[in-house]
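Residue-level structure breakdown
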Amino acid sequence: MSKTILIVDDDKHIRETLEFSLTESGFKCIEAENGMLALRAFSNFNPDLIILDINMPELDGIEVCKQIRKTSEIPIIFLSSREQEVDRILGLELGGDDYISKPFSPRELVVRVKNILKRIKPALSEESTDSFQHKDLILNLAKRTVLWKETAVILSVTEFDILFALIRRPSIVFTREMIIDLAYQENFHLSDRTIDSHMRRIRAKLEQVGADNLIQTIRGVGYKID
């Protein structure tokens, strides 16, 4: 069954270019030209992934992401014409799964969409035992769920994959390069700061359920689960 992509950008040419490239790759597309219409489309059509421009009228992409993240961890790829690194960090800390700067290659963006979506595996069954445990943290790979003492921890696609990489090898200190290789099947110019942003969000979500200090920073090296 075809996946549905919500394309949100106030530039009609960009929307049409992305729709053509994604449709050619077998996706269904919905378009929104501003933030308010994006929220309406998200509510009405329940897409599988959102491509979200940051600079838009009515409601910018940052605010759209904030609203969506109140109820959903749907994968979000940010678009922006700004070159400042602060945009990348802000977007990922809000819960974006990826980020691409304009101008960009539509082919590259389609690859990123496919990469994110194929990392989301459907549940094998309600009784699936394909899980990993570390202390009171239980991660079920088949159902892509995370529990801390029976309390659900809601992670984005990328956050889940990073935590999975850590919990599989709890004795290993992972460099940022190792995390990129394990959590991204294909990557394009990902920076260390991108990984740090994801780590901050994972830690914050774990702390909300009482799992403090579970992920340790090893200065000058990287991260490990404690």
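**Quick notes on the environment of Gly26**
Here Gly26 is to be found in the loop between helix H1 (12-24) and strand S2 (28-32). For Gly26, a relative accessible area of 40% gives the class partly exposed.

**Here's the deal with the sheet that holds strand S10 (residues 174-175)**
Within the open sheet, the three strands sit side by side as S10-S12-S11. Their pairing is antiparallel. Two strands bound the open sheet, and with one partner strand each, they are S10 and strand S11 (215-218). With four bridges connecting them, S11 and strand S12 (residues 222-225) associate as antiparallel partners. Across the sheet, residue Gln216 finds its bridge partner in S12, namely Lys224. On top of the sheet, helix H6 (residues 157-168) reaches S10, S11 and S12; it is set at about 70° to S12, its chief contact. Sitting on the sheet, helix H8 (residues 192-208) touches S11 and S12, and the angle it makes with S11 is about 145°.

**Some thoughts on the confidence of the model for the protein**
Predicted coordinates in regions of low pLDDT should not be interpreted in detail. Residues at a pLDDT of 70 or more form 90% of the protein, whose mean pLDDT is 86. Between residues 123-128, whose pLDDT stays under 50, and residues either more than four places distant or in other chains, the model counts eight contacts.

**Concerning the sheet that holds S2**
Pairing in this open sheet of five strands is parallel, and the strands run S2-S1-S3-S4-S5 from one edge to the other. Of all the strands in the sheet, the pair left with one neighbour each is S2 and strand S5 (98-101). Sheet twist, expressed as the average angle between the axes of neighbouring strands with direction ignored, equals 20°. Where strand S1 (residues 4-8) meets strand S3 (residues 49-53), four bridges bridge the pair, whose relative direction is parallel. Along S3, the bridge assignment pairs Ile5 with Leu49. The strands touched by H1 are S1, S2, S3 and strand S4 (76-80); relative to S2, the strand with the most contacts, the crossing angle is about 170°. Sheet strands touched by helix H5 (residues 106-118): S1, S3, S4 and S5. Its angle to S5, the strand with the most contacts, is close to 180°.

What counts, and where the lines are drawn
Residues numbered from 1 in each chain as written. Predicted model: local features only at pLDDT ≥ 70, side-chain atom pairs only at ≥ 80, totals over all residues. Heavy atoms only, no water. Helix = DSSP H or I, 4+ residues; strand = E, 2+ residues; numbered from the N terminus. Buried < 20%, exposed > 50% of the residue type's maximum accessible area, 1.4 Å probe, protein only. Pairing = 2+ DSSP bridges. Contact = heavy atoms within 4.5 Å. Axes fitted to C-alpha atoms, helices over the stretch in contact; angles between N-to-C directions. pLDDT = per-residue confidence, 0-100.

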